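Notes for the structure review
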Amino acid sequence: MNGLAARYLKFNFVGGIGVAVQLGALWLLEHTFHLHYLAATALAVETAVLHNFFWHERFTWKERAGGGWRPGAGRLLRFHAGNGLISIAGNLVLMRLFAGTFGMPHLVANALAIAVCSVANFAAGEWFVFPKSRT
């Protein structure tokens, strides 16, 4: 298996756990704190984005991470600009469509939105957040 395929499997492993984090946070924010489903979605996505960044740094792209706090902070900013933006904007737009327009249950709609955004998120991680070193 080539490096890209192996990394894609690792990405999806971390992402699968992130899905559980996001759906759990969505349920908690809606049912415990009674937030509107779109506000709860944005906060749940941010929770998953931070979770996923932490594990992508240590597992998926560990050979491209490191270098101290400055490079790590730069990767975190790029992760938010790439993966975070794709995830939050994509999830909000798709949740509005799936749940708001089509009336799907919120957790089902959110799981579908996550799946739609996942390929774009891998591409952002591979070529924008954790690019190969040019040295």
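Looking only at helices and strands, one finds 4 helices and 0 strands in the protein chain. For the protein chain, the succession of helices and strands along the chain, N to C, is α-α-α-α. Expressed as lengths along the three principal axes of its C-alpha atoms, the size of the protein chain is roughly 50 × 30 × 20 Å. Counting only residues that meet the buried cut, the protein chain has 39% of its 135 residues in that class. In the protein chain, once contacts between residues fewer than 6 apart in sequence are set aside, the share between residues at least 24 apart is 72%. Per element, the accessible surface of the protein chain, about 7400 Å² overall, is 72% carbon and sulfur. One finds the centroid of the 11 positive side-chain charges in the protein chain at a distance of 8 Å from the centroid of its 5 negative side-chain charges.

All right, on to helix α1 (residues 3–31) then. Over its 29 residues, α1 extends 41 Å from the first C-alpha to the last, a length consistent with the 42 Å expected when each residue adds 1.5 Å. Taken together, the buried positions of α1 are occupied by R7, F11, V14, G15, G18, Q22, A25, L26, L29 and E30. Buried residues along α1 sit in contact with α2 (37–60), α3 (69–101) and α4 (106–129).

Let us now look at the nonpolar core. The biggest cluster of nonpolar side chains holds 9 residues, and these are F11, V45, V49, F53, W61, F79, F122, V129 and F130. Those elements that place two or more of their residues in this core are α2 and α4. With 3 residues, α2 is the largest single contributor of residues to this core. Non-local contacts of F130, meaning those with residues more than four positions away in its chain, are made with F53, H56, E57, W61, R64, R75, F79 and G125. Counting residues in each nonpolar core, the second largest holds 8 residues, with L94, M95, F98 and A99 among its members.

All right, on to the packing of aromatic side chains then. Following the criterion strictly, the structure yields 10 aromatic pairs and no others. Look at Y8 and F122: their rings are 4.9 Å apart centre to centre, the planes differ by 80 degrees, and that puts the pair in the edge-to-face class. Of this pair, Y8 sits in helix α1 while F122 is found in helix α4, placing the two residues 114 residues apart along the sequence. Residue F122 is classed as buried on the basis of its relative accessible area, which comes to 7%. With centroids separated by 6.1 Å and ring planes inclined at 65 degrees, the aromatic side chains of F11 and W61 adopt a geometry described as edge-to-face.

What counts, and at which threshold
Residues numbered from 1 in each chain as written. Predicted model: local features only at pLDDT ≥ 70, side-chain atom pairs only at ≥ 80, totals over all residues. Heavy atoms only, no water. Helix = DSSP H or I, 4+ residues; strand = E, 2+ residues; numbered from the N terminus. Buried < 20%, exposed > 50% of the residue type's maximum accessible area, 1.4 Å probe, protein only. Contact = heavy atoms within 4.5 Å. Areas by Shrake-Rupley, 256 points an atom, 1.4 Å probe, with all protein chains shown as cover. Lys, Arg positive; Asp, Glu negative; His and termini not counted. Charge placed at Lys NZ, Arg CZ, Asp CG, Glu CD. Expected span 1.5 Å × (residues − 1). Core = buried A, V, L, I, M, F, W, Y, C linked by side-chain atoms within 4.5 Å. Phe/Tyr/Trp six-rings, centres within 6.5 Å; stacked < 30°, edge-to-face > 60°.

In short, the description is geometric, and any link to function would need to be established separately.
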